[in-house]
Amino acid sequence: MKILESLAKLCAILAGVLMTIITLLTCASIVGRELVDKTVPGDFELVGLATGTAVAFFMPLCQICRGNIVVDFFTAKAPRKVNAVLDRLGATPVGMPLPQIPDALSKGTINGCVIPWEVVPSVKVNELTKFHAEFDPAGDSLYTTTFVMAMNKAKYNSLAPDLKKVIDNNSGMATSAWLGKVQQGNDVPGRKSASDRGNIIYTVNASEAQEFRRKSRTVEMEWVEDMNKKGFDGKKLLAMARSLIEKHTKTTRA
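The structure displayed is predicted, hence computed values, not measured ones.

### Digging into the overall build of the protein
Right, so step 1: Secondary structure assignment for the protein yields 12 helices and five strands.
Right, so step 2: Looking at the protein residue by residue over its 254 residues, the buried ones come to 22%.
Right, so step 3: When contacts within the protein are restricted to residue pairs at least 6 apart in sequence, long-range pairs at least 24 apart make up 58% of them.
Right, so step 4: Within the structure as shown, the protein displays about 17800 Å² of accessible surface, and the carbon and sulfur contribution to it stands at 63%.

Shown next, in the form of structure tokens:
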């Protein structure tokens, strides 16, 4: 990654040199036209060629800095690290509010989106697209998202005991498990809404999923380094997360 950044910066420097030459060439032509009624031969063509080359040289650094206005893949409800993985896979992920997806798909503004099956019918993705991709349910998914339902502690403490009891009786692991099963259960009718329309659903097999994991290794390394800089043990946290995902995945499937 550092090598690519260095090359991108070098290209940007060359682009800056070209822009300087363009400026000097343009000034020379203007001065020559005013003083001796002569311009630099082929100045218009040279400026056009140099400008196009400079733009091309600026693009690598612009891409690394996420400055390009390029939209070919939108994500919704996906964590920041998922966007990083998609970036490694060649997409240009851009966060987008879920309600805006139908309009963007219908107008051809975007080519695709990353959303759970349960959301598909509500935003009519099954009607606006013909192709879908999913990871093999027997293996890992594209990403894991954690949802947290929390309440302000001071507000909770201000409640009467009977109201606290209502909240306590509807909180905890049992409620969390129930919410997870309800959401997961909605994936079935969501997927069916696409298959019933005759849409093509492609399943990413184990070997292809392995390629996803291979290309996302750098994202894991960057996350570990980021955690280490913040004073945490990045490797330990990653191992713990994987262990918990595996444990609760087995529990859910069982």
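We are not done yet, so read on.
### Comments concerning the nonpolar core
Right, so step 1: Ranked by size, the top nonpolar core spans 13 residues in total, and within it Ile101, Leu105, Ile110, Cys113, Ile115 and Val125 carry the most contacts.
Right, so step 2: By residue number, the principal contributor to this core is helix 4 (residues 101-106), which donates three residues.

### Brief notes about the confidence of the model for the protein
Right, so step 1: Scored by pLDDT, the protein has a mean of 79; 83% of the residues are at 70 or more.
Right, so step 2: Considering only residues more than four positions removed or in separate chains, one finds that residues 69-77, a stretch of pLDDT under 50, has 40 contacts.

### A closer look at a nonpolar patch on the surface
Right, so step 1: On the surface, Ile3, Leu4, Leu7, Leu10 and Leu14 cluster together into a nonpolar patch covering about 490 Å² of accessible area.
Right, so step 2: Assessed through its relative accessible area of 53%, Leu4 is described here as exposed.

### Structural notes on helix 9 (residues 187-195)
Right, so step 1: Inspection of helix 9 places Gly190, Ser193 and Ala194 among the buried residues, and these make up the whole buried set. Axial view of helix 9: buried residues confined to an arc of 100°, hence all on one face.
Right, so step 2: Where helix 9 is buried, its residues contact helix 5 (125-128), strand 4 (131-135) and strand 5 (200-204).

### A word on the packing of helix 8 (residues 173-185) against helix 9
Right, so step 1: Across the interface, helix 8 lies against helix 9 with an axial gap of 4 Å and an inter-helix angle of 10°. As the angle between them shows, helix 8 and helix 9 are arranged roughly parallel. Along its contact with helix 8, which presents Gln183, Gln184 and Gly185, the element helix 9 presents Asp187, Val188 and Pro189.
Right, so step 2: Here the residues of the contact of helix 8 with helix 9 sort into two nonpolar, three polar and one charged.

### Let's talk about the side chain of His132
Right, so step 1: Inspection of the secondary structure assignment puts His132 in strand 4.
Right, so step 2: Polar contacts involving the side chain of His132 include one to the side chain of Asn199, which spans 3.0 Å.
Right, so step 3: Dropping the residues within four chain positions of it, His132 is found in contact with Trp117, Val125, Asn126, Ala194, Asn199, Ile200, Ile201 and Tyr202.

### A few points about the pattern of salt bridges
Right, so step 1: In total, this model carries five salt bridges according to the counting rule given.
Right, so step 2: When the shortest N-O distance is used, the salt bridge between Lys107 and Asp103 registers 3.3 Å.
Right, so step 3: On the basis of relative accessible area, Asp103 is assigned to the partly exposed category, the value being 41%.
Right, so step 4: A salt bridge links Glu134 to Arg191, with the nearest nitrogen and oxygen atoms 2.8 Å apart. With Glu134 in strand 4 and Arg191 in helix 9, this residue pair connects regions lying 57 residues apart in the sequence.

So, how was this worked out
By convention here, each chain's residues receive numbers from 1 onward along its written sequence. Given that the model is predicted, a residue must reach a pLDDT of at least 70 before its local features are reported, and side-chain atom pairs must reach 80 or more before they are shown or counted; all residues, however, enter totals for whole chains, interfaces and linings. In computing side-chain values, all of the structure's heavy atoms are included and hydrogens and water are not. Only runs of H or I of at least four residues qualify as helices and only runs of E of at least two qualify as strands under DSSP, and these elements are numbered from the N terminus. Three labels apply to residues, based on accessible area from a 1.4 Å probe with only protein chains included: buried if under 20% of the type maximum, exposed if over 50%, partly exposed otherwise in between. Contact definition: two residues touch when any of their heavy atoms are within 4.5 Å. The Shrake-Rupley method, run with a 1.4 Å probe, gives the accessible areas here. Residue values count only the displayed protein chains as cover. What makes a nonpolar core is a set of buried Ala, Val, Leu, Ile, Met, Phe, Trp, Tyr and Cys residues whose side-chain atoms join them at distances within 4.5 Å. In predicted models, pLDDT denotes the confidence assigned by the predictor to each residue on a 0 to 100 scale. Surface patches are drawn from residues lacking salt bridges whose relative accessible area is over 30%; two like charges belong together within 9 Å, two nonpolar side chains (Val, Leu, Ile, Met, Phe, Trp, Tyr) within 5 Å. For salt bridges, the criterion is a side-chain nitrogen of Lys or Arg within 4 Å of an Asp or Glu carboxyl oxygen. As used here, the arc belongs to the directions running from the helix axis to the C-beta atoms. Only C-alpha atoms enter the line fits that serve as axes; for helices the fit covers just the stretch in contact. Angles between N-to-C directions range over 0 to 180 degrees. What sets the label is the angle itself: under 35 degrees gives roughly parallel, over 145 gives roughly antiparallel, 65 to 115 gives roughly perpendicular, and the rest give oblique. Residues are sorted three ways: Asp, Glu, Lys and Arg are charged, Ala, Val, Leu, Ile, Met, Phe, Trp, Tyr, Cys and Pro are nonpolar, and all the rest, Gly among them, are polar. Pairs of N or O atoms within 3.5 Å make up the polar contacts considered here, provided that, within protein, one atom can donate a hydrogen while the other can accept it, and that residues adjacent in sequence are counted only when both atoms are side-chain atoms.

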